[in-house]
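# Summary of the model geometry
Given next are the chains, with one letter for each unit.
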Amino acid sequence: MSDQRHRQWMDEAIEQAEKSWNEGGIPIGSVLVDQGGQIIARGHNMRVQAHDTTAHAEVVCIRNAGRRRDWKSLTLVSTLSPCHMCTGTAILHGIPLVIIGENVSYQGAEHWMDDHGVEIINLDCSRCKELMQRLFDEKPDLWAEDIGE
């Protein structure tokens with residue numbers, strides 16, 4: 001898979017993050033990609049909108065994929081390094097590759113993915129960092145609530 005393809009998928013995840021922000025939520029987005037490179041599910045953080053602490057972008061995306069038998073051939077793309085809950089969901093489903101937009105704003109449970117043989121690709125995407133910086137600047141209490149501080 002090429003870096004260009006990864007960036008295209010990340011653009012789709014960023015679109016989801018912007019959707020969440022425009023809805024008053026946390027700007028994190030995710031997409032799930034099949035072995036052929038097609039996006040099969042999208043999700044954005046819905047924690048605020050749905051009043052659901054488990055409605056993180058990656059979990060919502062995986063929920064939106066429905067029942068499947070091909071989890072072990074899918075790629076999860078997220079604008080931010082996944083937290084423990086989202087990492088656990090990816091590990092539970094056997095997703096072998098996770099592409100993240102960045103991990104400077106927040107480093108999730110990457111060590112846990114690594115321990116379970118999940119390949120992680122960090123695109124170090126400036127657009128993803130900008131989304132999180134806007135959250136930190138404009139709604140720091142919302143971010144603190146999301147990560148349990």
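## Some points on the layout of surface pockets
Take a probe with the size of a water molecule and roll it over the atoms, and the empty space left behind shows itself. By volume, the largest pocket amounts to about 150 Å³. Along the wall of the largest pocket there are 13 residues; nearest its centre are His-56, Cys-83, Tyr-106, Trp-143 and Asp-146. Secondary-structure elements contributing two or more residues to the lining of the largest pocket are helix H3 (57-65) and helix H7 (140-146). Residue composition of the lining of the largest pocket, grouped by class: eight nonpolar, three polar and two charged.

## Points about the packing of aromatic side chains
Two aromatic rings are characterised by how far apart their centres lie and by the angle between their planes. Taken as a whole and assessed by the stated rule, the structure comprises two aromatic pairs. Measuring from ring centre to ring centre gives 5.7 Å for Tyr-106 and Trp-143, while their planes differ by 85°; the resulting arrangement is edge-to-face. Placement of Tyr-106 in the loop between strand E4 (97-100) and helix H5 (110-115) and of Trp-143 in helix H7 is noted, with a sequence separation of 37 residues between them. Look at Tyr-106 and you get partly exposed, because its relative accessible area is 22%. On the basis of relative accessible area, Trp-143 is assigned to the buried category, the value being 10%. In this structure an aromatic cluster arises from ring pairing among Tyr-106, Phe-136 and Trp-143. Over the face of the ring belonging to Trp-21 we find Lys-139, whose NZ or CZ atom lies 4.6 Å from the ring centre.

## Points about the side chain of Thr-89
Within the secondary structure, Thr-89 is located in helix H4 (residues 84-93). Residue class for Thr-89 comes out buried when judged on its relative accessible area of 15%. A distance of 2.9 Å separates a polar side-chain atom of Thr-89 from the backbone oxygen of Met-85.

Quick notes on the rules
Residues numbered from 1 in each chain as written. Predicted model: local features only at pLDDT ≥ 70, side-chain atom pairs only at ≥ 80, totals over all residues. Heavy atoms only, no water. 1 Å grid on protein atoms, 1.4 Å probe; cavity = no way out; pocket = protein on both sides within 12 Å on 5 of 7 lines; lining within 4 Å. Points joined across faces, edges and corners; volume = space filled by probe spheres on them. Helix = DSSP H or I, 4+ residues; strand = E, 2+ residues; numbered from the N terminus. Nonpolar A, V, L, I, M, F, W, Y, C, P; charged D, E, K, R; others polar. Phe/Tyr/Trp six-rings, centres within 6.5 Å; stacked < 30°, edge-to-face > 60°. Buried < 20%, exposed > 50% of the residue type's maximum accessible area, 1.4 Å probe, protein only. Lys NZ or Arg CZ within 6 Å of the ring centre and 35° of its normal. Polar contact = N/O pair within 3.5 Å; in protein donor to acceptor, adjacent residues only side chain to side chain.

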